[in-house]
Amino acid sequence: MSAFPDADHAYAIARNVVVRGWRKTVEKSTVQIVALAVAILFGVVFTGAAAFGAYYAGQTFVEDPASGADVIGLVPAGLATFTVFLTAYMTAIQIGDIDNRDGYLTTVPARDLVGGLLVSGYLRVGGFFAAPLLVASVAFGVGAQSPLAAAFAAVGVLALTVTSFLVGYPVGVGLAYLFGRSAMVERYKTAIGVLAFAAYFGLIVTNTLGELFEPVVEAARASPVGWYADLALLPVSSAASALQAAGVLVGSVAVSALGVLASVRLSERRWYADAVDTDERHTDSVAGGRLDSLLGRRTAWVARKSWLRARRAPIKLIYVAYPAFVLITPIQASVQAGHVTTTLATSVALYGAWMTGAAFTLNPLGDEGAVLPVTVTTGITGRQFVGGLVTASALLGTPVTVVVAGALAVLSPLEPVALACTVAAAAVLPPLASAVAVGIGASFPKYEATTMGRSREVVVPSTWAFVIYTIVFLVTAGVATGAQEPAVAGLLTDVAGVGTAVVHVAGFLVGVTLAGIAAAVAVSTAVQAFDEYTSDGNV
């Protein structure tokens, strides 16, 4: 019996995975369709840029082979490094497993299922940039005036991307297996994910991501990976080694075969291993607690229910972190300045409030899912339901926003009055944001699930709710934090003819008042939407 996957089974499984993924993308989520369109547009732009660069490189290399050799030698090293790391990451979180895995494993051997995942995974990971690079290979041959160079470069691209993918895939499976076997990782996976995102975000904003990978790329360049350049340049350069070009092709076949075998063995170990016992010490009960005496039993129940759902499925809150990338510019400005800037402190106060509102209140009806008809008939009132959701967001987001924004404000050169207003905004705006979000979310609910992560379907807020909430919050609460910026305060001082301290305080009061008015209207809307909800989904 062959240790390698059956080609027919692997093709059928890969085709099914790709078709199902495509249908989920185009049928269920407008956001995913927009993201796909953006990805396609980016791919077109990348293809054009790669083709132009390759054409110019081909011309340059023919005119002066010595000047282009070093640059071309970096291409396979960088491509291999990127492909291995991206494949390992994507395999660990998504493409290394499949829906209805148990059903597949009762009909085909595990190796055939792995074969299907390898084919579909390569199309989703390697294919995204392998296709543009194949176009660039043709452009390189045209620029070098050598059709044979285009063919050799294309073979090199395919060999390199396939081999790198088959190296990264078993690494990702192995990591997923090790993490899945760790009770500590399983128990604290949410915290670990947050820390990993924070570390990645930090590397980006401090411009150290490239520095981190530079030694890896240089090591790959000095290894036989650099021989792929000999393969691409063999028809146009006398300095290219035919022996190294042949050796890298033979090595690609050997390493790819070992990668397939490793993927099969590690996947079998992962799939057939017993699930880890996390020895959970906490119960899932939402009864009891100090919140009962403060808010009332039913309101407290709604709040604890929201926290419990987030703990069980933290991936549904991942959209909250997306806008954090707007902080890249102020963070980089602080790094370059050598101290915390005023913009960073005020931006964190505003983003922390926005994040608080988006966490549990931006889709109040849709988050209930199939149990919504049951929830509205339990006797809980709309005010209790809305109050519980606002409390769930505010109790978690407000302390974090106050601590982080307050610390940054103290470290920044903000004037004392502006500093006090920034800290006050960090304390007042998060609860108001939660109240604003609950009304907008109730007006634009979303009940359909969206595929996130490894084919995990979760209900997230609608695009309309996300956009409208962001706009409303920025034009109201944004006044409270924007007026603390020295540049803005200085402009308003010149226009109004008043002191800077007056501008800071007045801006804070105006922003909080506007946000408070929006919050009152939103809460009333959400309460009415819940109280008037009927089992057919109409109000």
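The written sequence of each chain sets the order in which its residues are numbered from 1. In keeping with the model being predicted, local features are shown solely for residues with a pLDDT of at least 70 and side-chain atom pairs are shown and tallied solely at 80 or more, while totals for entire chains, interfaces and linings include all residues. With hydrogens and water set aside, each side-chain value is computed from the structure's full complement of heavy atoms.

Re the overall build of the protein chain
Our working rule: What counts as a helix is a DSSP run of H or I of at least four residues, what counts as a strand is a run of E of at least two, and both are numbered from the N terminus. Burial status follows relative accessibility: with a 1.4 Å probe on protein chains alone, a residue under 20% of its type maximum counts as buried, one over 50% as exposed, and anything between as partly exposed. Pairs of residues are marked as contacts when any of their non-hydrogen atoms sit within 4.5 Å. Only the protein chains shown count as cover for residues, and the accessible areas themselves come from Shrake-Rupley with a 1.4 Å probe.
Along the backbone of the protein chain there are 21 helices and 2 strands. A buried classification covers 44% of the 539 residues belonging to the protein chain. Counted over contacts in the protein chain with a minimum sequence separation of 6, partners at least 24 positions apart contribute 80%. By element, 69% of the accessible surface of the protein chain is carried by carbon and sulfur atoms, the whole surface being about 26,500 Å².

Some details on the environment of Leu514
Along the chain, the position of Leu514 falls in helix α21 (residues 500-531). Judged by its relative accessible area of 34%, Leu514 is partly exposed. C-alpha of Leu514 to C-alpha of Thr476: the two residues are 38 residues apart in sequence and 5.2 Å apart in space.

Considering the nonpolar core
Grouped burial of nonpolar side chains is what soluble globular proteins tend to show. Quick note on the threshold: As used here, the term nonpolar core means buried Ala, Val, Leu, Ile, Met, Phe, Trp, Tyr and Cys residues forming a set that is joined through side-chain atoms within 4.5 Å.
Within the largest apolar cluster, 49 residues are counted, with the highest numbers of intra-cluster contacts made by Tyr319, Trp354, Ala358, Leu362, Leu429, Tyr469 and Phe473. Counting only elements with at least two residues in this core, the list comes to α13 (297-312), α15 (342-360), α17 (382-411), α18 (416-443), α19 (463-482) and α21. The contact partners of Leu362, leaving out residues within four places of it in the chain, are Tyr319, Gly357, Ala437, Gly441, Pro461, Ala465, Phe466 and Tyr469. The next biggest cluster of nonpolar side chains, apart from the first, holds 23 residues, and it includes Leu105, Val125, Ala130 and Val264.

Section: a nonpolar patch on the surface
The line we're drawing: Without a salt bridge and with relative accessible area above 30%, a residue can belong to a patch; like charges are then joined within 9 Å and nonpolar side chains (Val, Leu, Ile, Met, Phe, Trp, Tyr) within 5 Å. Think of a salt bridge as a Lys or Arg side-chain nitrogen and an Asp or Glu carboxyl oxygen that are within 4 Å of each other.
On the surface, Val167, Val171, Leu175, Leu178, Phe179 and Val255 cluster together into a nonpolar patch covering about 480 Å² of accessible area. For the nonpolar patch, the leading source of residues is helix α6 (residues 147-180), giving 5 residues. Residue position: Val167 is located in helix α6.

Quick notes on the packing of helix α5 (residues 110-143) against helix α11 (residues 242-272)
Stated precisely, the cut-off is as follows: Here the axes come from fitting lines to C-alpha atoms, over the contacting stretch only for helices, and the angles between their N-to-C directions go from 0 to 180 degrees. Two helices that cross are described as forming a left-handed crossing if the nearer one is turned anticlockwise from the farther one by less than a right angle, and a right-handed crossing if clockwise. Nonpolar residues are Ala, Val, Leu, Ile, Met, Phe, Trp, Tyr, Cys and Pro. Charged residues are Asp, Glu, Lys and Arg, and all others, Gly as well, are polar.
Remark: α5 packs on α11, axes separated minimally by 9 Å, with the N-to-C direction vectors making an angle of 115 degrees. Considering the relative orientation of α5 and α11, their crossing is right-handed. Residue-level inspection shows Ala110, Arg111, Leu113, Val114, Leu117 and Leu118 of α5 in contact with α11, the latter providing Val260, Ser263, Val264, Ser267, Glu268, Trp271 and Tyr272. Residue composition of the contact of α5 with α11, grouped by class: 9 nonpolar, 2 polar and 2 charged.

Looking at the pattern of salt bridges
Applying the stated criterion across every chain, the model contains 4 salt bridges. With a closest N to O distance of 2.6 Å, Asp97 and Arg101 form a salt bridge. Salt-bridge contacts for Lys305 lead to Glu368; the nearest nitrogen and oxygen are separated by 2.7 Å. Placement of Lys305 in helix α13 and of Glu368 in the loop between α15 and α16 (372-375) is noted, with a sequence separation of 63 residues between them. Considered together, Lys305 and Glu368 belong to a single accessibility category, that of buried residues. Several salt bridges converge on common partners, so that one network encompasses Asp97, Arg101 and Arg270.

So, the side chain of Glu485
The condition is simple: Throughout this description, a polar contact denotes any pair of N or O atoms lying within 3.5 Å of each other; where both atoms belong to protein, one of them has to be capable of donating a hydrogen while the other can accept it, and for residues adjacent in sequence the pair is counted only when both atoms sit in side chains.
On the secondary structure map, Glu485 appears in the loop between α19 and α20 (486-496). Only 3.4 Å separates the side chain of Glu485 from the side chain of Thr342, close enough to count as a polar contact. A polar side-chain atom of Glu485 sits 3.1 Å from the main-chain amide nitrogen of Thr343. In this structure Glu485 touches Thr342, Thr343 and Thr346, once residues within four positions along its chain are discounted.

A few points about the packing of α18 against α21
Spelled out, the test is: Relative orientations are named as follows: roughly parallel for angles under 35 degrees, roughly antiparallel for angles over 145 degrees, roughly perpendicular for angles from 65 to 115 degrees, and oblique for any other angle.
Closest axis-to-axis distance for the α18/α21 pair is 7 Å, and the angle between their directions is 20 degrees. Considered as vectors, α18 and α21 are oriented roughly parallel to each other. Like other packed secondary-structure pairs, α18 and α21 cross with a definite hand, here left-handed. The class makeup of the residues in the contact of α18 with α21 is 23 nonpolar, 5 polar and no charged.

Re the environment of Ala262
Along the chain, Ala262 turns up in helix α11. Along the backbone, Ala262 and Val171 are 91 residues apart, and their C-alpha atoms lie at a distance of 9.0 Å.

Topic: unusual backbone geometry
With a phi close to 55 degrees, Gln145 is a non-glycine residue in the positive phi region. If you trace the backbone, Gln145 turns up in the loop between α5 and α6.

Digging into the confidence of the model for the protein chain
What counts is decided by this rule: Looking at any residue, its pLDDT shows the predictor's confidence there, from 0 to 100.
With 83% of its residues at a pLDDT of at least 70, the protein chain reaches an overall mean of 82. Within the protein chain, α18 carries the highest mean pLDDT (93), whereas strand β1 (residues 450-452) carries the lowest (62). Scored below 50 in pLDDT, residues 279-288 makes 12 contacts in the model with residues more than four places away or belonging to other chains. Note that residues 535-539 has pLDDT below 50 and, in this model, 5 contacts with residues that lie over four places away or in other chains.

Overview of helix α14 (residues 328-337)
Regarding α14, the residues found buried are Ile328, Pro330, Ile331, Gln332 and Ser334. Immediately beyond the C-terminal end of α14, within one or two residues, lies Gly338, with a positive phi of roughly 85 degrees.

Structural notes on the packing of aromatic side chains
How we decide: Aromatic contacts are taken between Phe, Tyr and Trp rings whose centres are within 6.5 Å, Trp giving its six-membered ring; a plane angle under 30 degrees counts as stacked, one over 60 as edge-to-face, and the others as tilted.
Taken as a whole and assessed by the stated rule, the structure comprises 8 aromatic pairs. With a centroid separation of 5.8 Å and 80 degrees between ring planes, the pair formed by Tyr122 and Phe165 is classed as edge-to-face. Residue Tyr122 is found in helix α5, and its partner Phe165 is found in helix α6; the two are separated by 43 residues along the sequence. Between Trp354 and Phe466 the ring centres are 5.5 Å apart and the planes differ by 80 degrees, which places this aromatic pair in the edge-to-face class. One end of the pair, Trp354, is in helix α15; the other, Phe466, is in helix α19, with 112 residues separating them in the sequence. Judged by relative accessible area, which is 5%, Trp354 ranks as buried. Among the aromatic residues, ring-to-ring pairing joins Tyr351, Trp354, Phe466, Tyr469 and Phe473 into one connected group.

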